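Coordinates in review
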Amino acid sequence: MATDAPPPSKEQHKLPSPEEFTEVHESAEFRELRRSYHSFAFPLTVGFIAWYLLYVLLSNYAGDFMGTKVVGNINVAFVLGIAQFVTTFLIAWWYSRHAAAKLDPKAEAIKSRMEGGA
């Protein structure tokens, strides 16, 4: 199975001290990284959980609605169930793009500085 990631480096990196970890944790750059992650992940998580619970509640309490035929033998429950899978994959794809564009460069800059590369 091929990947785009290069093989691990053989060179030794300096291990940061606990004080350096604390300093980075309190830095504005790290706070910005966390803010960027939280501002993306939390709303999507809350939205998806609400969407999932809506589906479960409709399945339990709105049987007539969920049984409504859309096309042939395909009913509303089936369409919403498939939509659950589609939204799961869309959110994963969207997060992957967000992480690659916004999170990974910031995290890599912090990591390289912590390991003495910058």
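About the cut-offs
Residues numbered from 1 in each chain as written. Predicted model: local features only at pLDDT ≥ 70, side-chain atom pairs only at ≥ 80, totals over all residues. Heavy atoms only, no water. Core = buried A, V, L, I, M, F, W, Y, C linked by side-chain atoms within 4.5 Å. Buried < 20%, exposed > 50% of the residue type's maximum accessible area, 1.4 Å probe, protein only. Helix = DSSP H or I, 4+ residues; strand = E, 2+ residues; numbered from the N terminus. Phe/Tyr/Trp six-rings, centres within 6.5 Å; stacked < 30°, edge-to-face > 60°. Salt bridge = Lys/Arg side-chain N within 4 Å of Asp/Glu carboxyl O. Axes fitted to C-alpha atoms, helices over the stretch in contact; angles between N-to-C directions. Parallel < 35°, antiparallel > 145°, perpendicular 65-115°, else oblique. Nonpolar A, V, L, I, M, F, W, Y, C, P; charged D, E, K, R; others polar. Patch = residues over 30% accessible without salt bridge, like charges linked within 9 Å, V, L, I, M, F, W, Y side chains within 5 Å. Areas by Shrake-Rupley, 256 points an atom, 1.4 Å probe, with all protein chains shown as cover. Polar contact = N/O pair within 3.5 Å; in protein donor to acceptor, adjacent residues only side chain to side chain.

Counting residues in hydrophobic clusters, the biggest one holds six residues: Val 24, Leu 33, Ala 99, Leu 103, Ile 110 and Met 114. With four residues, helix H4 (residues 76-114) is the largest single contributor of residues to this core. Ranked by size, the runner-up nonpolar core spans five residues in total, among them Leu 58, Met 66, Val 76 and Leu 80.

Taken as a whole and judged by the stated rule, the model has three aromatic pairs. Relative to Trp 94, the ring of Phe 40 lies with its centre 5.2 Å away and its plane at 80 degrees, an arrangement referred to as edge-to-face. Here Phe 40 is found in helix H2 (residues 28-61), whereas its partner Trp 94 is found in helix H4, with 54 residues between them in sequence. Ring centres of Phe 40 and Tyr 95 lie 6.0 Å apart, and the angle between their planes is 45 degrees; on these two criteria the pair is classed as tilted.

The tally for this structure, following the rule as stated, stands at four salt bridges. When the shortest N-O distance is used, the salt bridge between Glu 32 and Lys 106 registers 3.3 Å. A residue pair is termed long-range when its members are at least 10 positions apart, and Glu 32 in helix H2 and Lys 106 in helix H4 qualify at 74 residues. Judged by relative accessible area, which is 31%, Glu 32 ranks as partly exposed. Residue Lys 106 is classed as partly exposed on the basis of its relative accessible area of 24%. A network of salt bridges, in which partner residues are shared, links Glu 32, Arg 35 and Lys 106.

Now for the packing of H2 against H4. The packing of two helices is summarised by the inter-axis angle and the distance between the axes. Viewed as axis vectors pointing N to C, H2 and H4 meet at an angle of 170 degrees, and their least axial separation amounts to 10 Å. Accordingly, the angle class assigned to the pair H2 and H4 is roughly antiparallel. For the contact of H2 with H4, the per-class residue count stands at 20 nonpolar, six polar and five charged.

A few words on a nonpolar patch on the surface. A contiguous nonpolar patch, built from Val 70, Val 71, Ile 74, Phe 78, Val 79, Ile 82, Phe 85, Val 86, Phe 89, Leu 90, Trp 93 and Trp 94 and spanning about 1,200 Å² of accessible area, is present on the exposed surface. Secondary-structure elements contributing two or more residues to the nonpolar patch are strand E1 (69-71) and H4. The element contributing the most residues to the nonpolar patch is H4, with nine residues. Look at Ile 82 and you get partly exposed, because its relative accessible area is 41%.

Relative to the elements of secondary structure, Gln 84 occurs in helix H4. A polar atom in the side chain of Gln 84 sits 3.5 Å from the backbone oxygen of Trp 51.

Keep in mind that these numbers describe shape and distance, not what the molecule does.
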